[in-house]
Amino acid sequence: MNILIIGSGGREHALAWQCAKDDKVNTIYIAPGNAGTTLENKCENIALDTDNHQAVIEFCQNNAVDMIIVGPEAPLVAGLVDDCRAAGIPTWGPSKYCAQLEGSKTFAKEFMEAANVPTAGYEAFTEAAAAKAYVDTHGAPIVVKADGLAAGKGVIVAETVADAHAAIDDMLADNKFGAAGSRVVIEQFLTGEEASFICMIDGENILPMATSQDHKRAYEGDKGPNTGGMGAYSPAPVVTDAVYDKVIERVIRPVVEQMKAAGHPYTGFLYAGLMIDDAGDPYVIEFNCRFGDPETQPILMRLNTSLVALIEQGLAGKLPESADWDPRPALGIVLASKGYPETSSKGDVITGLPELDHTEEDPTIKVFHAGTKTAADDAHIVTDGGRVLCVTALGETIFDAQQAALQTVASIRFDGAQYRRDIGYQAIARQN
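What comes next concerns the included structure. These numbers were taken from a predicted model, which means no experiment stands behind them. (Residues numbered from 1 in each chain as written. Predicted model: local features only at pLDDT ≥ 70, side-chain atom pairs only at ≥ 80, totals over all residues. Heavy atoms only, no water.)

## Topic: the sheet that holds strand E15 (residues 231-234)
- The five strands lie next to each other as E12-E15-E18-E23-E20, forming an open sheet whose pairing is antiparallel. Strand pairing shows two members of the sheet lacking a second neighbour, strand E12 (213-214) and strand E20 (365-369), which therefore form its edges.
- Running at roughly 30° to strand E18 (residues 330-336), helix H12 (residues 398-409) makes contact with E15, E18, E20 and strand E23 (387-394) of the sheet. (Pairing = 2+ DSSP bridges. Helix = DSSP H or I, 4+ residues; strand = E, 2+ residues; numbered from the N terminus. Contact = heavy atoms within 4.5 Å. Axes fitted to C-alpha atoms, helices over the stretch in contact; angles between N-to-C directions.)

## Comments concerning the pattern of salt bridges
- Summed over the entire model, instances satisfying the criterion amount to 25 salt bridges.
- When the shortest N-O distance is used, the salt bridge between Arg11 and Glu12 registers 2.7 Å. No difference in accessibility class separates Arg11 from Glu12, as the two residues are buried.
- A salt bridge links Arg250 to Asp281; the nearest nitrogen and oxygen atoms lie 3.0 Å apart. Remark: Asp281 occurs in the loop between strand E16 (267-276) and strand E17 (282-288) and Arg250 occurs in helix H9 (residues 241-261); sequence separation between them is 31 residues.
- What makes Arg250 partly exposed here is its relative accessible area of 35%.
- Connected via shared salt-bridge partners are Glu204, Arg253, Glu257 and Lys260. (Salt bridge = Lys/Arg side-chain N within 4 Å of Asp/Glu carboxyl O. Buried < 20%, exposed > 50% of the residue type's maximum accessible area, 1.4 Å probe, protein only.)

## With respect to the packing of aromatic side chains
- Tallied over the entire structure, the rule returns eight aromatic pairs.
- Arranged with centres 5.7 Å apart and planes meeting at 90°, the rings of Tyr97 and Phe107 form a pair that is edge-to-face. Within this pair, whereas Tyr97 is found in the loop between strand E5 (91-92) and helix H5 (100-103), its partner Phe107 is found in helix H6 (residues 105-115), the two being separated by 10 residues in sequence.
- Relative accessible area serves as the criterion here: at 27%, Tyr97 is assigned to the partly exposed category.
- Judged by its relative accessible area of 16%, Phe107 is buried.
- Both rings, one in Phe269 and one in Phe291, keep their centres 4.6 Å apart while their planes meet at 40°; by these two values the pair is tilted. Here Phe269, found in strand E16, pairs with Phe291, found in the loop between E17 and helix H10 (296-302); they are 22 residues apart in sequence, far enough to count as distant. (Phe/Tyr/Trp six-rings, centres within 6.5 Å; stacked < 30°, edge-to-face > 60°.)

## Some details on the environment of Gly79
- Along the chain, the position of Gly79 falls in the loop between helix H3 (73-77) and helix H4 (80-86).
- For the pair Gly79 and Pro265, spaced 186 residues apart in the sequence, the C-alpha separation amounts to 15 Å.
- Setting aside chain neighbours within four positions, we find Gly79 in contact with His53 and Lys96.

Below, the structure is given as structure tokens:
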């Protein structure tokens, strides 16, 4: 079979790498892909305007594509899944209606209220003066979010009222996030430990993926600005069996039922970004309507079941209740470009990448590419901005996986490379 994967990041590299393991897969097209996906067995990058849904449909028809997997959020919000399904092409991902859970913070909050999903108290605003008055009343710390898609960076955890006012001005007055910030959601600051809970859903059945924890802040010790994610590990010890059951019953199942009741059954990946409080109760920070990045990389390092088979079952409405996971933890460390997340350097030559050999590659370490491309002379791989690589390792413990990843990270060089050395620190503290 042939597969088309939409996207260019580390998530898409990991999806392609995992799908290529299935013997029945012939070719995996990635649109547009990155320098890493070109190196993978069975994989081929293609120049395809994924904003042009008819072009995507025609490519699939002309290249005998049996399945589309949509990686990033923007095509989901734009309704690519709806259009491809209408053309008779099996497509894994939520509909345009369902993708509003990620595409609009206001929609998500109102949806959670209707479904009785636990989340932080909030108000939405389009006028800066009213938003600031709300902050003045409630004080800080407080969270300011751009309503729309902002590549994971439209969330400001304001430690002071002044910081919150500045974030409101950035979004509503200075248009820092464009249309995404034309409305803001201001919400209560939640305390506890974060976790990522990602599921596959076929409209009815729920298949939870291995649990994970992301690290959003740019600097060690969870300091600095929010990013798209600087690293992740799986499993997340904070998600105990009791917490796991609460998440399914209080968060995931209500979403599935509420979407069915609205006439829009949810299919695809659903990501619940959670805060687990001291009592072990989960609260939703955000929903994403796709596999998380960088959570995808360590999660898929641990998946033993064929991802292709799971998606086929999902498309048929027959998802199993569980999958087979490597018992060893996995941890991924993101190397980001100079200036990230405020600015983003491109064109810096990357050296020290492990050589890829598809038959003898060390199965406990994998470098997933994200913001990379092949230089014009085809002689080098260079940065293409943002998060550049995710070095992911399996280990007997989280600490072992962390150290293995750091050892590989130390060999990789590009100008201005930045990364966190403390990915997994909360799990390691629990372990110790």
